[in-house]
Amino acid sequence: MIAGRAKAAIAADYVRRANPWVEIKALEADLEDLTPGVFADLDAVAVAVDSLRSRFVATRQLLAPRVAHVDLAVLAEPWLARASVSAAVADAPCQVDAWSTAQLARAGEDVGIPCAAADTGEVFPSTLAMGHAAAAVGAQQLLALTGVIRERPRVGQEIRLDLLRGTYEAFRLPLAAACAADHVLAAGRVERLDPSYLRASLGALMTACGAEADTSVVLATRAVVALAACEACHESTAPYLLPDALEPCAACGGRLAAVRRVRRLRWAEAAPAVAPRAATTWLRPGDAFALVPPAGAGRATLCAFPTAEPRWQPGAPWDEAAARERFARLPRSFDLARIRACRIGVLGAGHLGAALIEQIAPLPWKGILIVDRDVIEPCNLPSHPLATRAGETA
Ligand SMILES: [Zn+2]
Ligand SMILES: [Zn+2]
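What counts and what doesn't
Residues numbered from 1 in each chain as written. Chains lettered and ligands numbered in written order. Predicted model: local features only at pLDDT ≥ 70, side-chain atom pairs only at ≥ 80, totals over all residues. Heavy atoms only, no water. pLDDT = per-residue confidence, 0-100. Contact = heavy atoms within 4.5 Å. Donors = N, O, S within 2.8 Å, 3.2 Å for Na, K, Ca; no water. Tetrahedral: all angles 85-135°; square planar, octahedral: opposite > 155°, others 65-115°. Buried < 20%, exposed > 50% of the residue type's maximum accessible area, 1.4 Å probe, protein only. Helix = DSSP H or I, 4+ residues; strand = E, 2+ residues; numbered from the N terminus. Expected span 1.5 Å × (residues − 1). Domains from an automatic or database assignment. Buried area = accessible area lost by both parts, 1.4 Å probe. Salt bridge = Lys/Arg side-chain N within 4 Å of Asp/Glu carboxyl O. Polar contact = N/O pair within 3.5 Å; in protein donor to acceptor, adjacent residues only side chain to side chain. Pairing = 2+ DSSP bridges. Phe/Tyr/Trp six-rings, centres within 6.5 Å; stacked < 30°, edge-to-face > 60°. Axes fitted to C-alpha atoms, helices over the stretch in contact; angles between N-to-C directions. Parallel < 35°, antiparallel > 145°, perpendicular 65-115°, else oblique. Left-handed = near helix turned anticlockwise from the far one by under 90°. Nonpolar A, V, L, I, M, F, W, Y, C, P; charged D, E, K, R; others polar.

## Quick notes on the confidence of the model for the protein
Then, in step 1: Residues with a pLDDT of 70 or more make up 95% of the protein, whose mean pLDDT is 91.
Then, in step 2: Note on residues 114–119: pLDDT under 50 across the span, and eleven contacts to partners over four residues away in sequence or across chains.

## Notes on the coordination of the zinc ion (ligand 1)
Then, in step 1: Bound to the zinc ion (ligand 1) on the protein side are Cys94 (SG), Asp97 (OD), Cys179 (SG) and His183 (NE2), at distances that span 1.8 to 2.2 Å.
Then, in step 2: Between the four donor atoms coordinating the zinc ion (ligand 1), the angles at the centre fall across 94 to 124°, so the site counts as tetrahedral.
Then, in step 3: Sequence spacing of the donors to the zinc ion (ligand 1): C-x2-D-x81-C-x3-H.
Then, in step 4: With relative accessibility at 9%, the residue histidine 183 sits in the buried group.

## Brief notes about helix 2 (residues 52–63)
Then, in step 1: Its twelve residues place the ends of helix 2 17 Å apart at the C-alpha level, agreeing with the 16 Å of an ideal helix rising 1.5 Å per residue.
Then, in step 2: Most of helix 2 is tucked away: eleven of the twelve residues are buried.
Then, in step 3: Those residues of helix 2 lying buried are Leu52, Ser54, Arg55, Phe56, Val57, Ala58, Thr59, Arg60, Gln61, Leu62 and Leu63.

## Describing the domain arrangement of the protein
Then, in step 1: The domain boundaries assigned to the protein delineate domain 1 (7–181 + 309–393) and domain 2 (183–304).
Then, in step 2: Centre-to-centre separation of domain 1 and domain 2, based on C-alpha positions: 30 Å.
Then, in step 3: Each partner contributes residues to the interface: domain 1 has 28 residues there, and domain 2 has 21 residues.
Then, in step 4: When domain 1 packs against domain 2, close to 1,800 Å² is buried across both sides, 48% of that on carbon and sulfur atoms.
Then, in step 5: Contact with domain 2 buries surface across domain 1, with Arg60, Arg66 and Asp110 losing the most and accounting together for 32% of the total.
Then, in step 6: Viewed at the interface, domain 2 and domain 1 are joined by one salt bridge.
Then, in step 7: Among the salt bridges present, the one from glutamate 109 reaches arginine 263, with a minimum N-O distance of 2.3 Å.
Then, in step 8: Across the domain 1-domain 2 interface, the total number found is 14 residue pairs in polar contact (both at pLDDT 80 or more).

## Considering the pairing of strand 4 (residues 80–86)
Then, in step 1: For strand 4, the tally of buried residues reaches six of seven residues, placing the bulk of the element in the interior.
Then, in step 2: Note that strand 3 (residues 69–75) and strand 4 share seven bridges and pair antiparallel. Pairing of leucine 75 across the sheet is with leucine 80, part of strand 4.
Then, in step 3: Connecting strand 3 to the antiparallel partner strand 4 that follows it, the hairpin turn spans four residues, and tryptophan 79 within it adopts a positive phi of roughly 55°.
Then, in step 4: Here strand 4 runs beside strand 5 (residues 157–162); their pairing, made up of five bridges, is antiparallel. In the sheet register, serine 84 faces strand 5, and the bridge partner there is glutamate 158.

## A closer look at the coordination of the zinc ion (ligand 2)
Then, in step 1: Bound to the zinc ion (ligand 2) are the protein donor atoms Cys230 (SG), Cys233 (SG), Cys249 (SG) and Cys252 (SG), situated 2.3 Å from the metal.
Then, in step 2: One can describe the site at the zinc ion (ligand 2) as tetrahedral: its four donor atoms subtend angles covering 100 to 116° at the metal.
Then, in step 3: One chain supplies every donor to the zinc ion (ligand 2), and in sequence these donors are spaced C-x2-C-x15-C-x2-C. Here cysteine 252 lies in the loop between strand 10 (236–237) and strand 11 (256–262) and cysteine 230 lies in strand 9 (residues 224–230), a separation of 22 residues in the sequence.
Then, in step 4: Of the residues examined, cysteine 230 reaches a relative accessible area of 2% and is grouped as buried.

## Concerning the packing of aromatic side chains
Given two aromatic rings, one states the distance between the centres and the angle between the planes to describe the pair.
Then, in step 1: Inspection of the entire model under this criterion finds three aromatic pairs.
Then, in step 2: On the numbers, 6.0 Å between centres and 85° between planes, the contact of tryptophan 267 with tryptophan 282 is edge-to-face. In this pair, tryptophan 267 is assigned in helix 6 (residues 267–274) and tryptophan 282 in the loop between helix 6 and strand 13 (288–292), connecting sequence segments 15 residues apart.
Then, in step 3: Overall, tryptophan 267 belongs to the buried group, its relative accessible area being 8%.
Then, in step 4: Within the aromatic cluster, the residues linked to one another by ring pairs are Trp21, Trp318 and Phe327.

## Some words on the packing of helix 4 (residues 129–145) against helix 9 (residues 351–360)
Then, in step 1: Interaxial distance between helix 4 and helix 9 falls to 8 Å at its minimum, and their mutual angle equals 55°. In this view, helix 4 runs oblique relative to helix 9, as classed from their interaxial angle. Where helix 4 crosses over helix 9, the handedness of that crossing is right-handed. Between helix 4, through Gly131, His132, Ala134, Ala135, Ala136, Gly138, Ala139 and Leu142, and helix 9, the contact on the second element is made entirely by Leu352, Ala355, Leu356, Glu358, Gln359 and Ile360.
Then, in step 2: Tallied by class, the residues present in the contact of helix 4 with helix 9 amount to nine nonpolar, four polar and one charged.

## Some remarks on the sheet that holds strand 10
Then, in step 1: Spatial ordering of the open sheet is given by 10-9-11, a layout of three strands whose pairing is antiparallel. Both outer strands of the open sheet, strand 10 and strand 11, are each paired with one neighbouring strand and no more.
Then, in step 2: Relative to strand 10, strand 9 is paired through two bridges, and the arrangement is antiparallel. Along strand 10, the bridge assignment pairs alanine 229 with serine 236.

## Side note on the pattern of salt bridges
Then, in step 1: Under the counting rule described, the total for this entry stands at 22 salt bridges.
Then, in step 2: Between glutamate 169 and arginine 165 there is a salt bridge, with the nearest N and O atoms lying 4.0 Å from each other.
Then, in step 3: Under the relative-accessibility criterion, arginine 165 is labelled exposed at 56%.
Then, in step 4: Notably, a salt bridge pairs arginine 373 with aspartate 374, separated by 3.7 Å at the nearest N-O pair.
Then, in step 5: A relative accessible area of 33% places aspartate 374 in the partly exposed class.
Then, in step 6: In the salt-bridge network here, residues are joined through shared partners; they are Arg55, Asp71, Arg82, Glu158 and Arg160.

Given below as structure tokens:
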């Protein structure tokens, strides 16, 4: 039975069949439960997710370790495929820059009012042929980002392939200085933290990293609750805890509801509530946060913990003679040595991610990371290229 199997596992099986040499890491996980450290050893990433929230979280996850990425999307009914390319640096646009307030609210980002529903629950039509169209556009940019081909990647641009109008266009995305994805994560120097700091208090950690009262702390992925209200007595409080770690109301023991969530805060505001608590109140292995001094008082620092993620599953030793035969017809513009040196990631192994994996898996990359939280559903089968293949051999 293919239905019910994890998409990440199906994709990993396919990669192994297509390519004996590559190192593989397949994570059946929600992007929000991962940390930037998971992506730190990648050379470039393709983002092929179908919700605004996942796209927003992926962008922050990749800004912190500064991994360039190409974001793919498809509108199957109007025969439209698009890709946008981000260098994951402080001063270049990303796919989140141009989002409207409504889009940010739908992504679960705090836009000043409580967000009732993070997701509209809308069902996307299947990608069908356009999955492969977007995958080809994305694969070319991934090859450019990794330096496998000599074309310059279209960083800061959106590429649109419109099969109804018969056009292929690239245009520059507007640079939004106040992008909700917080490009400060990709600015300034990187301070690698010893994992033992996770056992210290949050206050001790912030002091060791040089945070002062006026310093802004920017958490890479998870938001903390800056304002909560008791559902019973309506007493409000500023707990600065993760939403799933809220404690009962101090006044009446009622349940607290998160009213305002933030990923960027002034340390002086949060410190009274959380300085004595463990650093793990906010942070996990592989996590990262930026410390931003007040304007004009120096540059930002990104503080990063090493990851505790599982190791890469190794591949077979590289066989030069066998490879020469297999890759004899590789386009001459492809740099095989560069492919062997690069690790890439594919976030999302649904229709779109699977189409991309189908296209790039035969290349002997050093490593391929695949992340997807879902399992195959019967309605995925008509257009998920790898699920139906897995059925052939099962
Ligand atoms: Zn941005
Ligand atoms: Zn209460």
